[in-house]
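Listed here are the chains, written in short residue letters.
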Amino acid sequence: MVGTRAVAEPRAGSLDPAGPVAAAAADVWWLMLGLGAFAFTVFAVALAVGLRRHTPSAEPSPPGSDGRERTSRWIIGGGVILPLVVVLVVFAATVDALREMPTEAPEGALVVEVTGHQWWWEVRYPDAGFTTANEVHLPVGRDVAFRLTSADVIHSFWVPALAGKMDLLPDGTNVLVLRADEAGTYPSRCAEFCGLQHAAMELTVVAEPEADFDEWVATRRRPGAEPAGTAAVRGREVFLDSACASCHTIAGTSEADAADEDAVEGPVLTHLADRPTLGAGAVDNTPGELAAWITDPHAVKSGVAMPAAELTHADRADLLAYLAELR
Ligand code: CUA
């Protein structure tokens, strides 16, 4: 077994918030729903009463000055004052909610740098000094500042249960601060159309207790596992000698030390076997799917930048043996 999707019940809804930033946005949503329902009910009741009073058989009352005054009271009250009050209340609640959403990294926040690519997520933990792909782990109860940018087109970072959307722009860095107050798995996917595989641009976000988070960081900081067995040892040579190594890096191998960190072409593979999916959520990470992916990535995820690996049958088998050990 190379890896499995996280089994914990995922929480994807923005109305099921698991942190203060998402909760503030959800509160505004409920307030808007409540006010909207109230205004609609008032309108519906007034309409029903009006229709009941003015049945076709009823004698129309002459529009004296008294009637006209009552009509203008309804128009001003229902058409001007009520909407104004609703808009002002929503405006005040929105401004209040925005104060829950800092735009600068607070003191002691964990910084995570996320770069959008067509179509995957490059994830860097600058303080711990490692890079991974398509997965983010967070410590529960601690502010996390995401520094968001893009290597190509505009993408959008959105973890609905934790915060609202924030764009990843090619020419700048946006900061999104959030906090997860409950441990869990939070599905996330790109929220801005970014090309053919926009829908297959998933990010797995896991919030866990600080001790588990530290353990995860420790595993991700380790270089790629030393291959055991002749097939895996040969597989590493295949990787380093093939076109794979011109886009992908595996920490601890000779090419990784020479790699230019600023020009990431493909997802880092250091702990590939430990990741739940391939192709940013395109398929589960199983030995069969990985073999299919390497043989013809376009059959799995059409339009992806990775070309099919031109390898002999033996080389491919050894490469897969090596990749399966990268935990
Ligand atoms: Cu990236 Cu849509």
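The coordinates are above.
Below, the structure is looked at part by part. What you are looking at is a predicted structure, and each value in this text was computed from that prediction instead of being measured. (Residues numbered from 1 in each chain as written. Predicted model: local features only at pLDDT ≥ 70, side-chain atom pairs only at ≥ 80, totals over all residues. Heavy atoms only, no water.)

Describing the overall build of the protein
- For the protein, the helix and strand inventory stands at 9 helices and 12 strands.
- Taking 327 residues into account, the globule formula puts the C-alpha radius of gyration at 20 Å, and the protein, at 27 Å, lies well above it.
- With the C-alpha coordinates of the protein rotated into their principal frame, the extents come out at 100 × 45 × 35 Å.
- The contacts in the protein between residues at least 6 apart in sequence include a share of 65% that link residues at least 24 apart.
- Accessible area for the protein stands at about 17,500 Å²; split by element, carbon and sulfur atoms hold 60% of it. (Helix = DSSP H or I, 4+ residues; strand = E, 2+ residues; numbered from the N terminus. Rg over C-alpha atoms; globule rule 2.2 N^0.38 Å. Contact = heavy atoms within 4.5 Å. Areas by Shrake-Rupley, 256 points an atom, 1.4 Å probe, with all protein chains shown as cover.)

Remarks on the nonpolar core
- Trp121, Tyr125, Phe146, Phe157 and Leu162 are the most contacted members of the largest nonpolar core, which has 35 residues in total.
- Counting residues per element, the ones that place at least two in this core are strand 1 (110-117), strand 2 (120-125), strand 4 (135-139), strand 5 (144-150), strand 8 (174-178), strand 10 (202-208) and helix 3 (210-221).
- One finds Cys244, Ala245, Val304 and Leu323 within the second-largest nonpolar core, a separate group that totals 20 residues. (Core = buried A, V, L, I, M, F, W, Y, C linked by side-chain atoms within 4.5 Å. Buried < 20%, exposed > 50% of the residue type's maximum accessible area, 1.4 Å probe, protein only.)

Topic: the packing of helix 4 (residues 230-241) against helix 9 (residues 313-324)
- At a closest axis distance of 7 Å, the pairing of helix 4 and helix 9 adopts a crossing angle of 105 degrees. Classed by the angle they form, the pair helix 4 and helix 9 counts as roughly perpendicular. For the pair helix 4 and helix 9, the contacting residues are Ala231, Ala232, Arg234, Gly235, Arg236, Val238 and Phe239 in the first and Ala314, Asp315, Asp318, Leu319, Ala321 and Tyr322 in the second.
- Of the residues belonging to the contact of helix 4 with helix 9, the class tally is 8 nonpolar, 1 polar and 4 charged. (Axes fitted to C-alpha atoms, helices over the stretch in contact; angles between N-to-C directions. Parallel < 35°, antiparallel > 145°, perpendicular 65-115°, else oblique. Nonpolar A, V, L, I, M, F, W, Y, C, P; charged D, E, K, R; others polar.)

Observations concerning unusual backbone geometry
- The peptide bond linking Gln118 to Trp119 adopts the cis configuration, its omega dihedral lying at 0 degrees.
- Here Trp119 is to be found in the loop between strand 1 and strand 2.
- Notably, Ala280 is not glycine yet its phi reads approximately 50 degrees, a positive angle.
- For Ala280, the location among the structural elements is in the loop between strand 11 (277-278) and strand 12 (283-284).

Re the sheet that holds strand 9 (residues 184-189)
- Strand order in this open sheet of 3 strands is 4-10-9, and the pairing throughout is mixed. Of all strands in the sheet, those with a lone pairing partner are strand 4 and strand 9, marking the two edges. Strand-to-strand twist in this sheet, taken as the mean axis angle between neighbours without regard to direction, amounts to 20 degrees.
- Two elements, strand 9 and strand 10, share 6 bridges in a ladder whose sense is antiparallel. Residue pairing for strand 10: Arg189 is matched across the bridge by Glu202.
- Running over the sheet, helix 3 touches strand 4 and strand 10 and is turned about 140 degrees from strand 4. (Pairing = 2+ DSSP bridges.)

Digging into the sheet that holds strand 3 (residues 130-133)
- Taken together, the 5 strands give an open sheet; going across it, the order is 3-2-1-5-8, and neighbouring strands pair in mixed fashion. With partners counted over all chains shown, the strands left at the sheet margins are strand 3 and strand 8, one partner each. In this sheet, adjacent strand axes meet at a mean angle of 25 degrees when their direction is disregarded.
- In this sheet, strand 5 lies alongside strand 1 in parallel orientation, the contact comprising 7 bridges. Bridge pairing in strand 5 links Val111 to Ala145.
- Here helix 3 sits on the sheet in contact with strand 1, strand 2 and strand 3, set at roughly 95 degrees to strand 3.

Section: a nonpolar patch on the surface
- Judged by side-chain polarity, Ile75, Ile76, Val80, Ile81, Val85 and Val89 come together as a nonpolar surface patch covering roughly 510 Å² of accessible area.
- On the basis of relative accessible area, Ile76 is assigned to the partly exposed category, the value being 47%. (Patch = residues over 30% accessible without salt bridge, like charges linked within 9 Å, V, L, I, M, F, W, Y side chains within 5 Å. Salt bridge = Lys/Arg side-chain N within 4 Å of Asp/Glu carboxyl O.)

As for the packing of aromatic side chains
- All chains considered together, the criterion is met by 9 aromatic pairs.
- Their ring planes at 80 degrees and their centres at 6.2 Å tell us that Trp121 and Phe157 sit as a pair that is edge-to-face. Placement of the pair is Trp121 in strand 2 and Phe157 in strand 6 (residues 155-157), with a sequence separation of 36 residues.
- Assessed through its relative accessible area of 0%, Trp121 is described here as buried.
- For the ring pair Phe130 and Trp216, a centre distance of 5.6 Å and an interplane angle of 70 degrees mean the geometry is edge-to-face. Of the two residues, Phe130 is situated in strand 3 and Trp216 in helix 3; the sequence distance between them amounts to 86 residues.
- Note on Phe130: relative accessible area 5%, which makes it buried.
- An aromatic cluster of at least three residues, connected via ring pairs, comprises Tyr125, Phe130, Phe213 and Trp216.
- Geometry around Trp158 places Lys165 over its ring, the cationic atom sitting 4.6 Å from the centre. (Phe/Tyr/Trp six-rings, centres within 6.5 Å; stacked < 30°, edge-to-face > 60°. Lys NZ or Arg CZ within 6 Å of the ring centre and 35° of its normal.)

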